[in-house]
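Structural description and commentary
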There are 2 protein chains.
Amino acid sequence: MMRRFCCSFCFLASLALNLFFVINPYYLSGWKKQKLSSWAEEAAAEAEAVALISCSGHGRAYLDGAVVDGKPVCECNTCYGGPHCSLFSPDCAADVNSGDPLFLEPFWMQHAASSAVVIAGWHRMSYTFSDHSYISRELENHIRRVHAVARNAITKGKHLIFGGGSTQLLAAAVYALSINLSSPAEVVAAVPCYPDYKTQTDFFENMHFEYDGDALLLKNSSDTTANVIEFVTSPNNPDGNLREAVVSQGVSVGAIYDHAYYWPHYTAIPAPANEDVMIFTISKLTGHAGTRLGWAFVKDEDVYQKMLSYIAEAEQGISREAQLRALKLMKTILNGDGMELFEYAYKKMSDRWRKLSDIVSLSKRFSIQEVPSLFCNFFEKVRGPSPAYAWLKCERNEDTNCTAVLRAANIIGRAGSLFNVEDRYVRLSLLKSDDDFNLLLLRLDKLVTQDDDRKHYFKNS
Amino acid sequence: MMRRFCCSFCFLASLALNLFFVINPYYLSGWKKQKLSSWAEEAAAEAEAVALISCSGHGRAYLDGAVVDGKPVCECNTCYGGPHCSLFSPDCAADVNSGDPLFLEPFWMQHAASSAVVIAGWHRMSYTFSDHSYISRELENHIRRVHAVARNAITKGKHLIFGGGSTQLLAAAVYALSINLSSPAEVVAAVPCYPDYKTQTDFFENMHFEYDGDALLLKNSSDTTANVIEFVTSPNNPDGNLREAVVSQGVSVGAIYDHAYYWPHYTAIPAPANEDVMIFTISKLTGHAGTRLGWAFVKDEDVYQKMLSYIAEAEQGISREAQLRALKLMKTILNGDGMELFEYAYKKMSDRWRKLSDIVSLSKRFSIQEVPSLFCNFFEKVRGPSPAYAWLKCERNEDTNCTAVLRAANIIGRAGSLFNVEDRYVRLSLLKSDDDFNLLLLRLDKLVTQDDDRKHYFKNS
């Protein structure tokens, strides 16, 4: 009885306290004012101190970098070393293998104040947002606005879903399009194509789908009963071509449009994309590959729900920190007329393309893809090329392994065979840091020059 | 020839500029000092302003919340509403269904200054860290130190890998343990068990594994040729029991130890865990479920490499923002002697358990699990219970659906059948916010009291 009394008393006291807060909505606010004012200053000072660590313009220190003598150390760009990244290694290879989009890093350094974000210790601890979803509606709204500025996609009437980079969304889309089919779907992509379609589909293969290779082969096949899922990369990685699905509409087809590069940075935008499943990624829009945030626009309610299930089962939605930071980046993009990032990125990429083209044009041994000038919906005029990659071809008969030819000249590219074509081709990334790109130009210029000299020597010998 | 000259000139100029930076390592630093000082202040002020929005202690405003009149609006706790979350809905149900660990939110509000972190616009844009991995070594080191303080795991000699919550690591571990088996692995867990083992294994089922139900059934089976992967949850969700694998060692077995709750918050730590595959999550350590960060300690090099491949194929590693924020939280935990979070969490959870036990002990209709007092390696003494969940049983014969009995009393729990046992059991989460927990006590007290009155009435009628 005594116990019951104590219990009841506790409740009454607790209830009274609740009522006190209800009646005094500003009590806690007052407490916060005392306790919570200036709480973010320490974090701000810490971040600013790290940004001031000198890495000679060839590296940077990070808040979560390795610490020596109480301070994070510089992490140097490829080919630079020493405590301040001031030591250049002359024999170091120009590594243009990966699509690491560091060419945009200087943009964010120039917009330090508007793009920084503070994460409070208690920020979004819950599994879900207040609408019980895993998706920040503010971020969704801002992403839709960025597409409206870029004029690269019709997002109205389509559901939006986030994934761990576009990578996870590719797998989620294959799952959603195949799960209810009566026989396993054949997953295809027209060559040359992004290697991960095959490696990821093989990796996660189950009884509902399997990778089947080149879409062009299937196009010409007489089998019209197959279930086909086609990856369509537009602009294409590696060659930058704008693409449409190639598999005949006569068979049961789902197309997954990978529009990672469908931004004014990399291509003219002839018209806004308007496919049923369209995938984008922050990696190639803002350059934040490490954020691991992609998004898909999905027209069909059922496919959308299945993709949502996939992300939920895989990891219960995407990091709230990644979403908050992405929101801040989108807000920075949308400042003013929202054109600045696109103009910066296009200028930089077209400038890189021109420099590279100038060198290759002097060579008979190498060629790169032709990229036509096209009318751009964003710039509202015809504009020249600015692709993410150079798709280099070794023209000499004996140069069947173009990657090896470049490697001998201290250039690391990505072999054509990875893109399901012959090794006469090699992909050179134009997306990396200024240091990487400048070293590529230096090495390529030397290769072309030597080559020229050798031809000259033979001619006169 | 002119073109070649121009090209060479550009390179020489570029090289000269590079040399200038090499020779003047502090030039850029000076530029940074001008441009980059105070860049984080705006973000700090913005975060502090949002924290000052009054939500009456029954909600909070977030930086990425919906904006009305230029300010994020309050997001209220369940059962509270109005612009300042000051309106309580008296008929609202006590929702203790999910394991949302918001009981730790006040801890982080009290440690606002030490737990805030600033993410610069250019923070970790690359796909990889400088060691070409997807894993922050600083975070790894700090996680190992937290385990050393908690004395709950032997981490030396084991590889660490991050995943999208423990959720993704469960799937990665099943993949790694099954991929090379000659026949499909049977995945099991002893009942009552966490529902996601089955739903996730079914969802991602392929030719290498399938879910096979209760580990206890398999233990008694005569089939000694099966390949078995056993999930072992210790302490167990829902009942808090410390567990070992039950499947006989005679068959080919891989055990995945889910130690989400193996922290002093929820259980005595009889000895540090030392299994081959151990999975933890930040959700249940710091309460940051939304961060989606889990980690696994893996002894075997081959299993580790396969789990790494899984995370790489799925999404190329975990968000750098989540990793940076997790690092800051770990640093906050490790401040001083590193005991504060654990003491706070244990005190809160044991207090909740005591309050709930006091009410249930007055009832003959309901019972909850017994949790023995045990010696704890962390507190270095025998300590009482503080489980994450109450595993409530309806004792009356006719109360076969205990969830419905509670629902009628305005309490939302999770049905026993989800944990693969009868619906006479229901799980009540003790992890949620103070508002949720207090409402649970209020409703449960009323239910027990009414019940008692009814018994009393019948006795005298």
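Refer to the structure above for everything that follows.
Described below are features of the structure shown in this document.

Each value, and the rule that gives it
- Residues numbered from 1 in each chain as written.
- Chains lettered and ligands numbered in written order.
- Predicted model: local features only at pLDDT ≥ 70, side-chain atom pairs only at ≥ 80, totals over all residues.
- Heavy atoms only, no water.
- Pairing = 2+ DSSP bridges.
- Helix = DSSP H or I, 4+ residues; strand = E, 2+ residues; numbered from the N terminus.
- Contact = heavy atoms within 4.5 Å.
- Axes fitted to C-alpha atoms, helices over the stretch in contact; angles between N-to-C directions.
- Least-squares fit on C-alpha atoms with pLDDT ≥ 70 in both.
- 1 Å grid on protein atoms, 1.4 Å probe; cavity = no way out; pocket = protein on both sides within 12 Å on 5 of 7 lines; lining within 4 Å.
- Points joined across faces, edges and corners; volume = space filled by probe spheres on them.
- Nonpolar A, V, L, I, M, F, W, Y, C, P; charged D, E, K, R; others polar.
- Buried area = accessible area lost by both parts, 1.4 Å probe.
- Salt bridge = Lys/Arg side-chain N within 4 Å of Asp/Glu carboxyl O.
- Polar contact = N/O pair within 3.5 Å; in protein donor to acceptor, adjacent residues only side chain to side chain.

So, the sheet that holds strand β16 (residues 366–368) of chain A
All names here are of chain A. In spatial order, the strands read β16-β19-β22-β21; together these four strands make up an open sheet with antiparallel pairing. Two strands in the sheet have a free side with no partner beyond their single neighbour: β16 and β21 (414–415). One ladder, built from three bridges, connects β16 with strand β19 (residues 389–394); its direction is antiparallel. In the strand pairing of β19, phenylalanine 366 is matched with cysteine 394. The strands that helix α13 (residues 340–360) touches are β16 and β19; relative to β16, the one it contacts most, it runs at about 150 degrees.

Regarding the relation of the copies chain A and chain B
It takes a turn of 180 degrees to lay chain A on chain B, together with a shift of 0.0 Å along the axis; the resulting RMSD is 0.0 Å. What the rotation and shift describe, once combined, is the action of a two-fold rotation axis. Interface overlap between copies is the fraction of interface residues in one copy that are interface residues in the other; for chain A against chain B it reaches 100%, indicating a shared surface.

Description of empty space enclosed by the protein
Under the counting rule described, the total for this entry stands at 13 cavities of 30 Å³ or more. Looking at the largest cavity, it is lined by 20 residues, and the ones nearest its centre are Phe204 of chain A together with Phe204, Glu205, Phe209 and Tyr310 of chain B. Those elements that provide at least two residues to the lining of the largest cavity are α7 (165–178) of chain A together with α7 (165–178) and α8 (196–203) of chain B. No other element matches α7 of chain B, which puts four residues into the lining of the largest cavity. When grouped by side-chain class, the residues that make up the lining of the largest cavity number 14 nonpolar, four polar and two charged. Empty space within the second largest cavity amounts to approximately 130 Å³. Looking at the second largest cavity, it is lined by 16 residues, and the ones nearest its centre are Ala120 and Trp122 of chain A together with Val50, Ala51 and Ala61 of chain B. Tallied by class, residues from the lining of the second largest cavity come to 13 nonpolar, one polar and two charged.

A closer look at the interface of chain A and chain B
Between chain A and chain B, the residue contacts involve 123 residues of the former and 123 residues of the latter. Taken together, both faces of the contact between chain A and chain B bury some 11200 Å²; the carbon and sulfur share is 58%. Of all residues in chain A, Asp64, Trp122 and Met125 of chain A give up the largest surface area on contact with chain B, accounting jointly for 7% of the area buried on that side. At the surface where chain A touches chain B, the tally comes to eight salt bridges. Between glutamate 321 of chain B and arginine 325 of chain A there is a salt bridge; the shortest N-O distance is 2.6 Å. In this structure, the connection of chain A to chain B is made through 52 residue pairs in polar contact (both at pLDDT 80 or more). Residue classes in the side of chain A that touches chain B are distributed as 56 nonpolar, 38 polar and 29 charged.

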